[in-house]
Amino acid sequence: MVKPISLPPPEALDSEPRITPDGSIDWHWFYQQVAVLEAWYRANICIRCGKRERANGMAVCDTRECEGIGISDRTGRCAFCGRSRKLNSSWGGPTMPLFPERCDDCRDRKVPDRNGALGQARMF
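Residues numbered from 1 in each chain as written. Predicted model: local features only at pLDDT ≥ 70, side-chain atom pairs only at ≥ 80, totals over all residues. Heavy atoms only, no water.

### Describing the overall build of the chain
- What the chain contains, in helices and strands, is two helices and zero strands.
- Within the chain, the fraction of its 124 residues that count as buried is 36%.
- Split by element, the accessible area of the chain, about 7700 Å² in all, is 50% carbon and sulfur. (Helix = DSSP H or I, 4+ residues; strand = E, 2+ residues; numbered from the N terminus. Buried < 20%, exposed > 50% of the residue type's maximum accessible area, 1.4 Å probe, protein only. Areas by Shrake-Rupley, 256 points an atom, 1.4 Å probe, with all protein chains shown as cover.)

Next comes the structure, spelled out in structure tokens:
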């Protein structure tokens with residue numbers, strides 16, 4: 001299978017969560033990674049390796065290296081305030097680099113939209 005040139009290369013996926021100084025998720029990083037995963041998913045490419053075709057309607061290919069897609073890189077902290085106490089269940093899907101969690105204090109806070117997250121872009 002030949003990948004279109006417009007697809008992000010495998011090294012575009014940065015699965016190490018970026019955290020801001022206050023301990024919350026760097027939403028700019030989050031949406032950059034969502035864009036990579038969405039592009040691969042739409043192109044029927046494995047979201048784990050970014051190289052091979054997805055298998056049997058799954059989000060990953062058929063190789064051993066891409067088995068067990070479970071998200072294991074949770075930060076253990078609230079995505080909004082950075083605290084690690086009493087976290088509520090997370091939400092997500094195959095095009096999310098991690099499943100953000102919320103503490104009770106932040107349960108009503110909404111994830112910033114993609115354009116709002118641009119204000120968090122690194123300056124250096």
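### Thoughts on unusual backbone geometry
- Look at Asn44: it is not a glycine, yet its phi comes out positive at around 65°.
- Classification of Asn44 by relative accessible area gives partly exposed; the value is 28%.
- Non-glycine residue Asn56 carries a positive phi angle of around 50°.
- Counting through the fold element by element, Asn56 comes out in the loop between helix 1 (27-42) and helix 2 (114-117).

### With respect to the side chain of Arg54
- Residue placement: Arg54 occurs in the loop between helix 1 and helix 2.
- Notably, Arg54 is buried but unbridged: the nearest opposite-charge side chain belongs to Glu53, and the N-O separation is 8.1 Å.
- Within the structure, the side chain of Arg54 is placed 3.1 Å from the backbone oxygen of Tyr41, a separation counted as a polar contact.
- A polar contact of 3.0 Å, which involves the side chain of Arg54, links it to the backbone oxygen of Met58.
- Among all residues touching Arg54, those that are not within four sequence positions of it are Tyr41, Asn44, Ile45, Cys46, Ala59, Val60 and Cys61. (Lys, Arg positive; Asp, Glu negative; His and termini not counted. Salt bridge = Lys/Arg side-chain N within 4 Å of Asp/Glu carboxyl O. Polar contact = N/O pair within 3.5 Å; in protein donor to acceptor, adjacent residues only side chain to side chain. Contact = heavy atoms within 4.5 Å.)

### Quick notes on the packing of aromatic side chains
- Taken as a whole, this structure holds three aromatic pairs when the rule is applied.
- Consider the rings of Trp27 and Phe80, whose centres lie 5.5 Å apart with planes at 40°: the pair is tilted. Taken together, the residues span a long stretch of sequence, with Trp27 in helix 1 and Phe80 in the loop between helix 1 and helix 2 at a distance of 53 residues. The burial state of Trp27 is the same as that of Phe80; both residues are buried. (Phe/Tyr/Trp six-rings, centres within 6.5 Å; stacked < 30°, edge-to-face > 60°.)

### Section: helix 1
- Compared with the 22 Å implied by 1.5 Å per residue over 16 residues, the 22 Å span of helix 1 between its first and last C-alpha is a close match.
- Taken together, the buried positions of helix 1 are Trp27, His28, Trp29, Phe30, Tyr31, Gln33, Val34, Val36, Leu37, Ala39 and Trp40.
- At the N-terminal end of helix 1, a side-chain oxygen is found 3.0 Å from the backbone nitrogen of His28, two or three residues along, and the residue is Asp26.
- Taken from the residues just after helix 1, Asn44 is the one with a positive phi, measuring 65°. (Expected span 1.5 Å × (residues − 1).)

### A look at the nonpolar core
- Residues Ile25, Trp27, Phe30, Cys78, Phe80 and Cys106 are the most contacted members of the largest nonpolar core, which totals 14 residues.
- One finds Leu37, Ile47, Cys49 and Cys61 within the second-largest nonpolar core, a separate group that totals 13 residues. (Core = buried A, V, L, I, M, F, W, Y, C linked by side-chain atoms within 4.5 Å.)

### A short note on the environment of Glu65
- Relative to the helices and strands, Glu65 is located in the loop between helix 1 and helix 2.
- Each C-alpha atom of the pair Glu65 and Arg48 lies 8.6 Å from the other, and the pair is 17 residues apart in sequence.
- Residues within four places of Glu65 in sequence aside, it is in contact with Arg48, Cys49 and Arg52.

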